[in-house]
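Below are the chains, spelled out letter by letter.
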Amino acid sequence: MSLTFYLALRYVFARKRAMLMSLFGIIFGISFFVITQAQTSGFQEYFIKTILGTNGAIRISDRFQNMDETVSKISQDGKIKFKFQNREGAKYIKGIDYPDKIRNALTAFPSVNGISEVFEDNAILQTKSRSQSIQLHGIKISDHLLVSDLKEQVTHGSISNFLRDNMGIIIGSRIAERVNLKVNDRVNIVGKLENFQLRVSGIFESGVSDIDKKRCYISLPTARSLSGTRFGGSIFQVGIATPEKAPQIAAQIQETIGHRSVSWQEREKVWLDVFKALRVSSAITVSSILLLSGLGMFNVFAIMGIEKTRDISILRSIGFTRADISSVFLWQGIIVLFFGIIGGIICGLLGTFIVSKIPMQIRGIFKSDTFVVNWDFTHYGWAILIASLFVGLATWIPARRAAKVEPAKIIRETL
Amino acid sequence: MVNRNNPGQTLLQVKRLEHSFTIGEEYVQALRGVSFEVKTGEVTAIVGPSGCGKSTLLYLLGLLDRPDKGEILLDNKSVSQASDQVRTELRNKNLGFIFQFHFLIKELTACENVSMPLFKAGIQRKEANKRARSVLTKLGLGNKAERFANKLSGGEQQRVAIARAMINSPSLLLADEPTGNLDSENSRKVFQLLLQFAREESTAVILVTHNPEIAEKCDQILRMKDGQIVRD
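Just so it is clear, the model here is predicted, and its values are computed rather than measured. (Residues numbered from 1 in each chain as written. Chains lettered and ligands numbered in written order. Predicted model: local features only at pLDDT ≥ 70, side-chain atom pairs only at ≥ 80, totals over all residues. Heavy atoms only, no water.)

(A) Structural detail: the packing of aromatic side chains. As enumerated under the stated definition, the model contains 13 aromatic pairs over all chains in all. On the numbers, 6.1 Å between centres and 25° between planes, the contact of Tyr59(B) with Phe97(B) is stacked. With a gap of 38 residues between them, Tyr59(B) in helix α1 (residues 54–61) and Phe97(B) in strand β6 (residues 95–98) connect regions that are remote in the sequence. Per residue, the accessibility class of Tyr59(B) equals that of Phe97(B), and both read buried. Grouping aromatic residues by their ring pairs yields a cluster made of Tyr59(B), Phe97(B), Phe99(B) and Phe103(B). The ring of Tyr98(A) is capped by Lys101(A), whose NZ or CZ atom sits 5.0 Å from the centre of that ring. Across the ring face of Phe320(A), the terminal group of Lys120(B) is positioned such that the distance to the ring centre comes to 5.6 Å. (Phe/Tyr/Trp six-rings, centres within 6.5 Å; stacked < 30°, edge-to-face > 60°. Helix = DSSP H or I, 4+ residues; strand = E, 2+ residues; numbered from the N terminus. Buried < 20%, exposed > 50% of the residue type's maximum accessible area, 1.4 Å probe, protein only. Lys NZ or Arg CZ within 6 Å of the ring centre and 35° of its normal.)

So this is what it looks like as structure tokens:
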């Protein structure tokens, strides 16, 4: 044990009350930071999981036919250096016109782990008593399960019902509530061209209100028949192994196949910005607790610096350097910070666990029956970093001042 | 560093020392060309009225301050303008300082206060504590080694401060009115300790005192007035 650490330890224990106040400030600040970040990022992560589970990481849709590229210069490394384009008169192609070719092209992307062709159209759902406008999603279920969490979202009935029955339909929970439908009930779906009677294979709940009150899944051929569209018009929902890299992969896909490719980050930018703002806001608020604690500590050490000038003089007279004096003060800060961090982490873990058990039904942008928390250890890292910064400053300034004490002057003024 | 193997040899030379400082807005010319010499194993008393510059001289000799002019030679080496590092090392290994008001660290026990210079010199805690206890026992405080400094009487605290100054067997021991706050019995004991230490360890002791009886028993007396030595 170093001498300066030993002395610091003695000073810390000699000022229990003041040090405990600082310690509690750090513990409270760190734990509160962790708990609030766990909540806000928990909601954000859950929201991301929900949107990835319903609409996939990337959606590939329409394109403009590239018929007007007039001048382009391609350099030796194969990159286009400049090009003149005129979009006027370009042919708009709704959805994907050559799904098999596009599918083949997409399989060449190593990060793509699922491709589902989705044919979207509007229709009317009719029962004996009520009717409701719905958004039909024609899918091939085996493909769609690779790019969504539909299996987990089905609350009544099952995917196997849907697989067995070509004329099956999986409906959103809010639609089922509104028109009072149960599994195996028959419904009439009125499309643009045809009109089919389908059997309810399952009811799903994504937690996203807009989806649960509008969306129904049926098989891709049935959807095309209802709409009278034999070819084209569909979109691709793509699953990728690294969802956080979706913007780059979407850009590569768009560059390669010419179809508009939108990542989940671009699609949900508004909500993601809201979550980000909430996280930053709560981090700032909670950091103020740490700042106050740091100020408290600064006071303690500043007063100690004044009170201990005599001790500093003694220590200097027996061979302590200025750096030794500084380190006596810095060690005190480190000791309090260390115990503050340990306490803060324990209280943070405990608090996060308790918060995660608070019952709270949330529907709208996702579905949850308890407070959602995210067990992310980077929150602890940030809390420790902020606490260390404030405590470091609160200790360093008085330590520096203490090191400047001139022993002869102090002794002269003391006598 | 400092040679103490030749008792009676010149250890300290002070040449034309001048020093000033300010207290508040008041300028004080504390020393005006002080010169003297001190030999190993010798006890020197500095006497004079309050404010004549005795303590200031002691702080300069203790390397706690730097003179404006003049030179301090310790074992023939100039130390007054030496680097901070050299001065700090000298303070730890070659100098001992006893303050008027004992100046102990109250958060530490008597033993820890005494062993502090040894710790600082890099001696293991166990060994340092053993040596500190031994010195405290010599000074009659063996049974109070584990008491916190503020739980000791004034006389006991001063003896602890003396033990701390002696622990490193310094070549030069400086004492600023070490008996100033003690009764006559304790004053006599403290002076005997210093005298015995000087003789046994060939340490040069310089003490500032207002006590003429103690001064008379010293090997050399430096009388100061208005920042100068008027007669020795």
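(B) Up close: the domain arrangement of chain A. All names here are of chain A. For chain A, the domain assignment lists domain 1 (3–52 + 271–414) and domain 2 (62–70 + 85–259). Each of domain 1 and domain 2 has a C-alpha centre, and the two are 51 Å apart. If you look at the interface, domain 1 gives 8 residues, while domain 2 gives 11 residues. Interface of domain 1 and domain 2: buried area, both sides summed, is about 660 Å²; carbon and sulfur atoms make up 44% of it. Of all residues in domain 1, Leu-52, Gly-364 and Lys-367 bury the most surface against domain 2, accounting for 59% of the area lost on that side. For the pair domain 1 and domain 2, the interface holds 0 salt bridges. The tally of links between domain 1 and domain 2 comes to 0 residue pairs in polar contact (both at pLDDT 80 or more). When grouped by side-chain class, the residues that make up the side of domain 1 that touches domain 2 number 3 nonpolar, 2 polar and 3 charged. (Domains from an automatic or database assignment. Contact = heavy atoms within 4.5 Å. Buried area = accessible area lost by both parts, 1.4 Å probe. Salt bridge = Lys/Arg side-chain N within 4 Å of Asp/Glu carboxyl O. Polar contact = N/O pair within 3.5 Å; in protein donor to acceptor, adjacent residues only side chain to side chain. Nonpolar A, V, L, I, M, F, W, Y, C, P; charged D, E, K, R; others polar.)

(C) Here's a closer look at the environment of Ala302(A). Residue and element names in this part refer to chain A. Within the secondary structure, Ala-302 sits in helix α12 (residues 269–307). Among the residues examined, Ala-302 registers a relative accessible area of 15% and is labelled buried. Sequence spacing of Ala-302 and Ser-313 is 11 residues, and the spatial spacing of their C-alpha atoms is 17 Å.

(D) Geometry of the side chain of Asp65(B). Within the secondary structure, Asp65(B) is located in the loop between α1 and β4 (69–74). Side chain to side chain, Asp65(B) and His19(B) meet in a polar contact 3.3 Å long.

(E) Representation of the pairing of β6(B) in the model. Residue and element names in this part refer to chain B. Of the two faces of β6, the one lined by Leu-95 and Phe-97 and the one lined by Gly-96 and Ile-98 are each fully buried. Pairing geometry for β6 and strand β7 (residues 172–176), over 4 bridges, is parallel. Residue pairing for β7: Phe-97 is matched across the bridge by Leu-174. (Pairing = 2+ DSSP bridges.)

(F) The arrangement of the packing of helix α2 (residues 16–55) of chain A against helix α15 (residues 377–403) of chain A in detail. Residues and elements named next belong to chain A. Orientation of α2 relative to α15, taken along the N-to-C sense of each, is 145°, at an axis distance of 9 Å. The interaxial crossing formed by α2 with α15 has right-handed handedness. Residues Ile-26, Ile-30, Phe-33, Val-34, Gln-37, Ala-38 and Ser-41 of α2 form the contact with α15, whose own contacting residues are His-379, Tyr-380, Trp-382, Ala-383, Ile-386, Ala-387 and Val-391. Grouping the constituent residues of the contact of α2 with α15 by class yields 11 nonpolar, 3 polar and no charged. (Axes fitted to C-alpha atoms, helices over the stretch in contact; angles between N-to-C directions. Left-handed = near helix turned anticlockwise from the far one by under 90°.)

(G) Fine view of the interface of chain B and chain A. With 27 residues of chain B at the interface, the matching set in chain A holds 26 residues. Buried surface at the junction of chain B and chain A, both sides included, amounts to about 2700 Å², of which 66% is carbon and sulfur. Linking chain B to chain A there are 3 salt bridges. A salt bridge links Asp84(B) to Arg322(A), with the shortest nitrogen-to-oxygen separation between them at 3.7 Å. Taken together, the elements giving at least two residues each to the side of chain B that touches chain A come down to α2 (84–93) and α3 (110–120) of chain B. For the side of chain B that touches chain A, the element with the most residues is α3(B), which contributes 5 residues. Looking at side-chain class alone, the side of chain B that touches chain A contains 13 nonpolar, 4 polar and 10 charged residues.

(H) Geometry of the environment of Ala82(B). Residues and elements named next belong to chain B. Structurally, Ala-82 is set in the loop between β5 (77–78) and α2. Owing to a relative accessible area of 13%, Ala-82 belongs among the buried residues under this scheme. Separated by 19 residues in the primary sequence, Ala-82 and Leu-63 have C-alpha atoms spaced 9.4 Å apart. With sequence-adjacent residues up to four places away left out, Ala-82 is seen in contact with Arg-66 and Arg-87.

(I) Expanded view of unusual backbone geometry. All names here are of chain B. The residue Arg-16 is not glycine, and still its phi comes out positive at about 45°. By the secondary structure assignment, Arg-16 is in strand β1 (residues 10–23). The exposure class of Arg-16 is exposed, given its relative accessible area of 57%. You will see that Ser-169, though not glycine, has its phi angle at about 45°, which is positive. Overall, Ser-169 belongs to the partly exposed group, its relative accessible area being 25%.

(J) Representation of the packing of α12(A) against helix α14 (residues 322–356) of chain A within the structure. Residue and element names in this part refer to chain A. It is the contact of α12 with α14, at a shortest axis distance of 11 Å, that shows an interaxial angle of 150°. Relative to α14, α12 is oriented roughly antiparallel. The hand of the α12/α14 crossing is right-handed. Residue-level inspection shows Met-297, Phe-301, Met-304 and Gly-305 of α12 in contact with α14, the latter providing Phe-329, Gln-332, Gly-333 and Val-336. Partitioning the contact of α12 with α14 into residue classes produces 5 nonpolar, 3 polar and no charged. (Parallel < 35°, antiparallel > 145°, perpendicular 65-115°, else oblique.)

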